[in-house]
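Read off the chains here:
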Amino acid sequence: MRLIIRDDTEAASFYVASYIVERIKHFDPAPAHPFVLGLPTGSSPLGVYRILVEKYKAGEISFENVVTFNMDEYIGIPRDHPQSYHTFMWQHFFSHVNIHPRNVHILDGNAPNLEAECVEYEAKIKSSGGIDLFLAGIGEDGHIAFNEPGSSLASRTRVKTLAYDTVLANSRFFNDDLDQVPKMALTVGVQTVLEAREVVVIVHGARKSLALQRCIEQGVNHMWTLSSLQLHPHPMIVCDEDATLELQVKTVKYFKSIEQVARAQGFEQILPSKIRTGPSKPALPAQTILVNGERDRHVDAAESESPTILAPQPTTSRLLSVATPASECPIRSRSVSPDIELVPDRMASRIADSSVFRGRLTPGPEVQANGLARVNAVGA
Ligand SMILES: N[C@@H]1[C@@H](O)[C@H](O)[C@@H](COP(=O)(O)O)O[C@@H]1O
């Protein structure tokens, strides 16, 4: 986990926007190698979008080969409703940069079959090669996307009923009228977010500080779904000072010291090169995966089987799945040296005077082998 703390919201937003720009540039996207970006709505990412637009207008970045997937969308309000997430995204970001509309993906909360919409969304993410960087905000109760408290940490894109806290918090966008706030939404699942190669979360303001504390200093808990990030290999949370109010001083000092030490030592905290450049063709032999017939990707075994909540130890699982079941595998007899003669044994032969037990003993192997196993014959 990386926690980047900046003095205020503007500095935190600038850090995130600059980070995304650097990631896209280093990735060097092309039509056949697009950078896949997961995006949130809400007030938290507003500064990030504004700065990204500024950087685009200053010629620092192009979104031509960027594919986006939004986290969520309300169910039941028209796509062009002022508070729909479609409207939000076009208004604050997409209309101002050179992104191709066909590269923009936002769940359709008015789809005739919502379940099919969710399944198709997951399939589209997959066929795009998976999400390279998922940007997220959090709710005051630590929810990520619309994965409300109690959501399965293995969840995928689905229909979700909103928690009362969320309806209340979002009523500020609906004239403070609870009745106008949609009560359901489509949302990517916790697992969908965790499968992104990198997750970056922007958190600002004192009202998010308890959520941040629960998610960083306490255990993984489905009541604070951001805490699932503890299971991700490359999570980064960028926050302002106010958001750290509930953290222990030593936690804040430690995360600040990581940056300070890195700067003093003159090295950067960077992602593994495979994550930075995306799934390119590695020099070593790799398996080739044809993703939905659209994109021929070369993925090495480690990437194709990266850990998930459902399969946290892919190596172990893989070994177990190829291992012969114990019941079918006479491992000991195989390892015995062929020189050693196996002698049939039975308990009776170990008893000094076995005559006393006659009639109650199981016939010996030699008797059984000759088809003479008649207990009566051995007995009285
Ligand atoms: N679905 C969105 C979340 O993605 C967002 O993180 C949260 C916080 O919103 P804000 O940033 O406005 O506090 O609001 C909604 O619930």
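You'll find the structure just up there.
Attention here is on the structure that accompanies the text. Note that the coordinates shown come from a computational prediction; the quantities given were computed from them, not determined experimentally. (Residues numbered from 1 in each chain as written. Predicted model: local features only at pLDDT ≥ 70, side-chain atom pairs only at ≥ 80, totals over all residues. Heavy atoms only, no water.)

1. Quick notes on the sheet that holds strand E4 (residues 72-74)
Thought 1: Strand order in the open sheet formed by 3 strands is E4-E8-E7, and the pairing between neighbours is antiparallel. Because the sheet does not close on itself, it has two edges, and the strands there are E4 and strand E7 (158-161). Across this sheet, the average inter-strand angle for adjacent strands is 30 degrees, counted without regard to direction.
Thought 2: Direction of pairing for E4 relative to strand E8 (residues 184-187): antiparallel, over a ladder of 3 bridges. The residue bridging Asp72 from the neighbouring strand is Thr187, located in E8. (Pairing = 2+ DSSP bridges. Helix = DSSP H or I, 4+ residues; strand = E, 2+ residues; numbered from the N terminus. Axes fitted to C-alpha atoms, helices over the stretch in contact; angles between N-to-C directions.)

2. So, the pairing of E8
Thought 1: Here E7 pairs with E8 via 4 bridges, running antiparallel. Note that in E8 the partner of Thr161 across the bridge is Met184.

3. Some thoughts on the packing of aromatic side chains
Thought 1: The full count for this structure, using the stated rule, is 14 aromatic pairs.
Thought 2: On the basis of an interplanar angle of 80 degrees and a centroid distance of 5.7 Å, the ring pair of Tyr74 and Phe174 is categorised as edge-to-face. Of this pair, Tyr74 sits in strand E4 while Phe174 sits in the loop between helix H5 (164-170) and E8, and the two are 100 residues apart along the sequence.
Thought 3: Residue classification places Tyr74 among the buried positions, given a relative accessible area of 1%.
Thought 4: Here a set of aromatic residues connected by ring pairs shows up, and it is made of Tyr49, Tyr56, Phe63, Phe88, Trp90, Phe93 and Phe94. (Phe/Tyr/Trp six-rings, centres within 6.5 Å; stacked < 30°, edge-to-face > 60°. Buried < 20%, exposed > 50% of the residue type's maximum accessible area, 1.4 Å probe, protein only.)

4. Structural notes on the site of the ligand
Thought 1: Residues in close proximity to the ligand total 14 residues, the closest being Ser43, Ser44, Asp72, His143 and Lys208.
Thought 2: With respect to the ligand, the side chain of Ser44 contributes an N or O atom lying 2.5 Å from an oxygen atom.
Thought 3: Between the ligand and Arg207, the relevant distance is 3.3 Å, taken from an oxygen atom to a side-chain nitrogen or oxygen of the residue.
Thought 4: For the ligand, whose unbound accessible area comes to 390 Å², protein coverage reaches 97%.
Thought 5: Taken together, the residues of the shell around the ligand sort by class into 4 nonpolar, 6 polar and 4 charged. (Near = heavy atom within 4 Å. Polar contact = N/O pair within 3.5 Å; in protein donor to acceptor, adjacent residues only side chain to side chain. Areas by Shrake-Rupley, 256 points an atom, 1.4 Å probe, with all protein chains shown as cover. Nonpolar A, V, L, I, M, F, W, Y, C, P; charged D, E, K, R; others polar.)

5. Brief notes about the sheet that holds strand E6 (residues 133-136)
Thought 1: As summarised here, the arrangement of the 7 strands in space is E1-E10-E9-E6-E2-E3-E5, forming an open sheet in which the pairing is parallel. Because the sheet does not close on itself, it has two edges, and the strands there are strand E1 (2-6) and strand E5 (104-105).
Thought 2: Sheet analysis places strand E3 (residues 66-70) next to E5, joined by 2 bridges and oriented parallel. The partner of Thr68 across the bridge, within E5, is Val104.

6. Quick look at the layout of surface pockets
Thought 1: Of the pockets and cavities examined, the second largest pocket occupies roughly 550 Å³.
Thought 2: Lining the second largest pocket are 18 residues, and of these Tyr15, Tyr19, Glu268, Gln269 and Ile270 sit closest to its centre.
Thought 3: The set of elements that each furnish at least two residues to the lining of the second largest pocket consists of E1, helix H1 (9-27) and helix H8 (249-265).
Thought 4: If you tally residues by element for the lining of the second largest pocket, the top one is H1, at 7 residues. (1 Å grid on protein atoms, 1.4 Å probe; cavity = no way out; pocket = protein on both sides within 12 Å on 5 of 7 lines; lining within 4 Å. Points joined across faces, edges and corners; volume = space filled by probe spheres on them.)

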